[in-house]
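Results of the structural survey
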Amino acid sequence: MRKKIVAGNWKMNMDYQEGISLFSEVANMVKDEVIGNQQIIVCSPFIHLHSIASLAKESENVSVGAQNIHQEDAGAYTGEISAKQVRSTGAEYVILGHSERRAYFGESDELLAQKVNIALTHGLIPIFCIGETREEREAGDFFDVIKTQLEKGVFHLSASDFSKIILAYEPVWAIGTGLTASPEQAQEVHAFIRKQIEAKYGAAVADETSVLYGGSCNPKNAPDLFSQPDIDGGLIGGASLKSRDFTDIVKVFN
Ligand code: 3PY
């Protein structure tokens, strides 16, 4: 049975001390709420990774991820962080392809494919984000956009590598806007994504791949979204910065 996953994306929030307190609170609050096949992940800024990965080892319920890596192994890339460096902190996951990175940092599908490869080489599991803009939705192009993002970003992987990754559908028009896709709109796209995976890798792989919903997901809308058959949890932005809200989202699966 595929995993149910709630992953927090802190984005560029929390100074060092605030992040350590938030993580400790979350680890403590979700302690008794995590069900059998559920995975909780916190994706923090780089500065917190080593400390919270050490705390995560003690708590055993929460794993840690980064929000970006460089596409090369090492070298003269001032200010950048490699997959190997992230992995050496104890972090196990990395968000790749978030729409904020695509839009503000010009990350293309081709670059993201390189980042996916280097992440897997160093044992980091990508949480790979895809999703359409408002214009693409209004123009009715969104299935094509999502198909292309899958084909260029992750469908070059072997079936065994593809089986390691997590996907997140994040409609760009629902990020930071307070708008959320309705459960039916989200389910329609999640089902489409699973169909594409099935066409490429077969039904067994499609059935085992966790596809998360992201985009203004909060304790109020999570129950309806997560009850959809092809939605396996959420990638949580703003609500992951409040331990109570994040825990309430984790508890949706109880
Ligand atoms: C949001 O909820 O706004 C996100 O971008 C989650 O990644």
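It should be emphasised that the depicted structure is a prediction, and the values quoted were computed from it without experimental measurement. (Residues numbered from 1 in each chain as written. Predicted model: local features only at pLDDT ≥ 70, side-chain atom pairs only at ≥ 80, totals over all residues. Heavy atoms only, no water.)

**Remarks on the UniProt feature "binding site: substrate" (unreviewed entry) in the chain**
Counted only if it meets this: UniProt positions are given in the numbering used here, feature names are shortened, and annotations may be inferred rather than shown by experiment. Helical segments are the DSSP runs of H or I of at least four residues, strand segments are the runs of E of at least two, and each set is numbered from the N terminus. Burial here depends on accessible area, computed with a 1.4 Å probe over protein chains only, as a share of the maximum for the residue type. Under 20% is buried, over 50% is exposed, and the range in between is partly exposed. Two residues qualify as a contact provided that any one of their heavy atoms is within 4.5 Å of a heavy atom in the partner residue.
According to UniProt, the "binding site: substrate" (unreviewed entry) feature falls on N9, W10, K11, G176, S216, G237 and G238. A maximum C-alpha distance of 13.2 Å is found for the annotated residues, which run over 230 residues; spatially they form one tight group. Relative to the helices and strands, K11 is located in the loop between β1 (4-9) and α1 (16-30). With a relative accessible area of 22%, K11 lands in the partly exposed category. With near-sequence residues (within four places) excluded, K11 lies in contact with P45, Q67, H98, E100, I175 and G237. The topology assignment puts G238 in the loop between β8 (233-236) and α12 (243-250).

**Some thoughts on the pairing of strand β3 (residues 62-66)**
What counts here: If DSSP finds at least two bridges between two strands, the strands pair. We call a crossover right-handed when, viewed with the strands running away from us, the connection from the first strand over the helix to the second turns clockwise.
Of all five residues that make up β3, five are buried, and the element is covered over most of its length. On β3, burial covers both faces: V62, V64 and A66 on one face and S63 and G65 on the other are all buried. Here four bridges tie strand β2 (residues 38-43) to β3, and the two strands are oriented parallel to one another. The partner of V42 across the bridge, within β3, is V64. When β3 meets strand β4 (residues 93-96), the two strands line up parallel, connected through two bridges. Looking at the pairing, A66 lines up with V94 of β4. Between the parallel elements β3 and β4, the chain passes through helix α3 (residues 83-88) in a crossover that is right-handed.

**Description of unusual backbone geometry**
The phi dihedral of K11 falls on the positive side, at around 55°, and the residue is not glycine. Backbone geometry at M14 places phi at a positive 80°, although glycine is not the residue there. Structurally, M14 can be placed in the loop between β1 and α1.

**Some remarks on the pattern of salt bridges**
Quick note on the threshold: The term salt bridge refers to a side-chain nitrogen of Lys or Arg lying within 4 Å of a carboxyl oxygen of Asp or Glu.
Following the criterion strictly, the structure yields 16 salt bridges and no others. A salt bridge links D161 to K164; its shortest N-O distance comes to 2.8 Å. Of the residues examined, K164 reaches a relative accessible area of 44% and is grouped as partly exposed. The shortest N-O distance in the salt bridge between R194 and D232 comes to 2.8 Å. Taken together, the residues span a long stretch of sequence, with R194 in helix α9 (residues 183-201) and D232 in the loop between α11 (222-226) and β8 at a distance of 38 residues. The pair formed by R194 and D232 is uniform in burial state, with each residue classed as buried.

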